[in-house]
Amino acid sequence: MRCFHNTFTDIYFHLAAEEYLLKQETDSVFMLWQDTPSVVMGKHQSVQLEVNREWAEEQQIQIARRFSGGGAVYHDLGNVNLTFIETVSRLPDFSLYLHRILDFLKLIGLPAKGDERLGIYLDGLKISGSAQCVHKNRVLYHCTLLYDTNLAALNKVLNPERDIETGVALPVYAVPSVRSEVTNISRYLPMETVDHFKAILFEYFSQKGCADTFSEKELEAIHKLRTEKYICEDWIFSR
């Protein structure tokens, strides 16, 4: 298994890296990563319905679209993201990935629970959302873990502008997010920093504690995909 603990904090790089590793790699992959403030929508979502775009632009919050489904999420450096990619011989059971994460949280003393949408909750408040993707015989499962995220920014940027006359979002054909009340894991681990949390996460899931690096050829391909797809306005705004 290839294990990446990325030092990049660019959402467009990470989305391109995920697609590259899903479609061009054959090994299993685990990747831990973070981004500077960003909103990431599912493949079939509408910016108009999901994002307070004017406020995002004022705050220099990036807007991105991933190639998997699911709802819109907010990333910042208090949020930790996990990606699992594997080759399978039958239809995937994505709940297995959920239970891997629940087992880790139980190990560090957090009695978290999952739901049918593969979200994770502490005391009824959401700390993790996930999305999935299948490409031929390869599967991808990625999720957020809200550790010490700016929840005020999260709630503001994921509150789209409303029509002035009706007070409701303008109708668009798209997959809407399911809204949930959220909290931070740091509330339950007050003595731990996000860096220490990342370290124990990576040690647990990497099985060896040492990180792989991308080759020059891989970086070239990832940056090409980033430039030609993920930063393009047509991909982000016009789907």
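Only a predicted model underlies this, so the values are computations on that prediction, with no experimental measurement involved.

1. Here's the deal with the packing of helix H4 (residues 95-107) against helix H6 (residues 194-206)
When two helices pack together, their arrangement is given by the angle between their axes and by how far apart the axes lie. Viewed as axis vectors pointing N to C, H4 and H6 meet at an angle of 125°, and their least axial separation amounts to 11 Å. By the criterion of interaxial angle, the relationship of H4 to H6 is oblique. Where H4 crosses over H6, the handedness of that crossing is right-handed. Contacts between H4 and H6 involve Arg100, Ile101, Asp103, Phe104 and Leu107 on the former and, on the latter, Phe197, Ile200, Leu201, Tyr204 and Phe205. When its residues are assigned to classes, the contact of H4 with H6 shows eight nonpolar, no polar and two charged.

2. Some remarks on the sheet that holds strand S7 (residues 113-114)
Read across the open sheet, the three strands follow the order S7-S8-S9; overall the sheet is antiparallel. Because the sheet does not close on itself, it has two edges, and the strands there are S7 and strand S9 (125-128). Relative to strand S8 (residues 120-122), S7 runs antiparallel, the two being bridged by two bridges. Each bridged residue has a counterpart across the sheet, and for Gly114 the counterpart in S8 is Ile120. Against the sheet, H4 engages S7, S8 and S9, with an angle of about 25° to S8.

3. What to know about the sheet that holds strand S3 (residues 38-41)
The strands making up a sheet associate through hydrogen bonds between their backbones, and the pairing can be parallel or antiparallel. If you walk across this open sheet you meet the three strands as S4-S3-S5, and the pairing is mixed. Edge strands, defined here as strands with exactly one partner in the open sheet, are strand S4 (62-65) and strand S5 (73-75). Geometrically, the sheet is characterised by an average inter-axis angle of 25° between neighbouring strands, direction not taken into account. In this structure, S3 lies alongside S4, joined through four bridges in parallel fashion. Across the sheet, the residue bridging to Ser38 is Gln62, located in S4. Those strands touched by helix H1 (residues 11-24) are S3, S4 and S5, and its axis lies near 15° from that of S4.

4. Remarks on the side chain of Gln45
Positionally, Gln45 belongs in the loop between S3 and helix H2 (47-50). Given the relative accessible area of 2%, Gln45 is considered buried. A distance of 2.9 Å separates the side chain of Gln45 from the backbone nitrogen of Gly42, its partner in a polar contact. Of note is the side chain of Gln45, whose polar atom sits 3.2 Å from the side chain of Glu50.

5. Concerning H1
Three or four residues apart is the spacing at which side chains of an α-helix point the same way, because the helix has 3.6 residues per turn. In a regular helix each residue adds 1.5 Å, so 14 residues correspond to 20 Å; H1 covers 20 Å between its end C-alpha atoms and thus fits that length. For H1, the tally of buried residues reaches twelve of 14 residues, placing the bulk of the element in the interior. All of the buried residues along H1 are Ile11, Tyr12, Phe13, His14, Leu15, Ala16, Ala17, Glu18, Glu19, Tyr20, Leu21 and Leu22.

6. Topic: the nonpolar core
In this structure, Leu21, Val51, Tyr74, Val157 and Phe214 are the most contacted members of the largest nonpolar core, which totals 39 residues. Of the residues forming this core, the biggest block, nine residues, is contributed by H1. In this structure Leu21 touches Phe4, Val29, Met31, Ile85, Arg138 and Phe214, once residues within four positions along its chain are discounted. In this structure, Phe104, Ile185, Leu189 and Phe202 belong to the second largest nonpolar core, which totals 31 residues.

Conventions and cut-offs
The residue numbers shown here count from 1 along each chain, following its written sequence. Residue-level local features of this predicted model are given only where pLDDT is at least 70; pairs of side-chain atoms are given and counted only at 80 or more, and the full residue set underlies all totals for whole chains, interfaces and linings. Hydrogens and waters are ignored; side-chain quantities use all the structure's heavy atoms. The convention used is that axes are lines fitted to C-alpha atoms, helices contributing only their stretch in contact, and that angles between N-to-C directions extend from 0 to 180 degrees. Helical segments are the DSSP runs of H or I of at least four residues, strand segments are the runs of E of at least two, and each set is numbered from the N terminus. With respect to orientation, any angle under 35 degrees is reported as roughly parallel, any angle over 145 as roughly antiparallel, any angle of 65 to 115 as roughly perpendicular, and every other angle as oblique. Crossings are assigned a handedness: left-handed for a near helix turned anticlockwise from the far helix by less than a right angle, right-handed for a clockwise turn. In this description, contact between two residues means that some pair of their heavy atoms is separated by no more than 4.5 Å. Each residue gets one label: Ala, Val, Leu, Ile, Met, Phe, Trp, Tyr, Cys and Pro are nonpolar, Asp, Glu, Lys and Arg are charged, and the others, such as Gly, are polar. Strands were regarded as paired on the criterion that DSSP finds at least two bridges between them. Buried, partly exposed and exposed residues are distinguished by accessible area as a fraction of the type maximum, computed with a 1.4 Å probe on protein chains only: under 20%, between the cut-offs, and over 50%, respectively. In protein, a polar contact means a hydrogen-donor-capable atom and an acceptor-capable atom, both N or O and within 3.5 Å, with residues adjacent in sequence counting only if both atoms are side-chain atoms; elsewhere, any N or O pair within 3.5 Å suffices. To estimate the expected span of a helix, count its residues, drop one, and scale the result by 1.5 Å. Here, the term nonpolar core denotes a set of buried Ala, Val, Leu, Ile, Met, Phe, Trp, Tyr and Cys residues that are joined through side-chain atoms within 4.5 Å.

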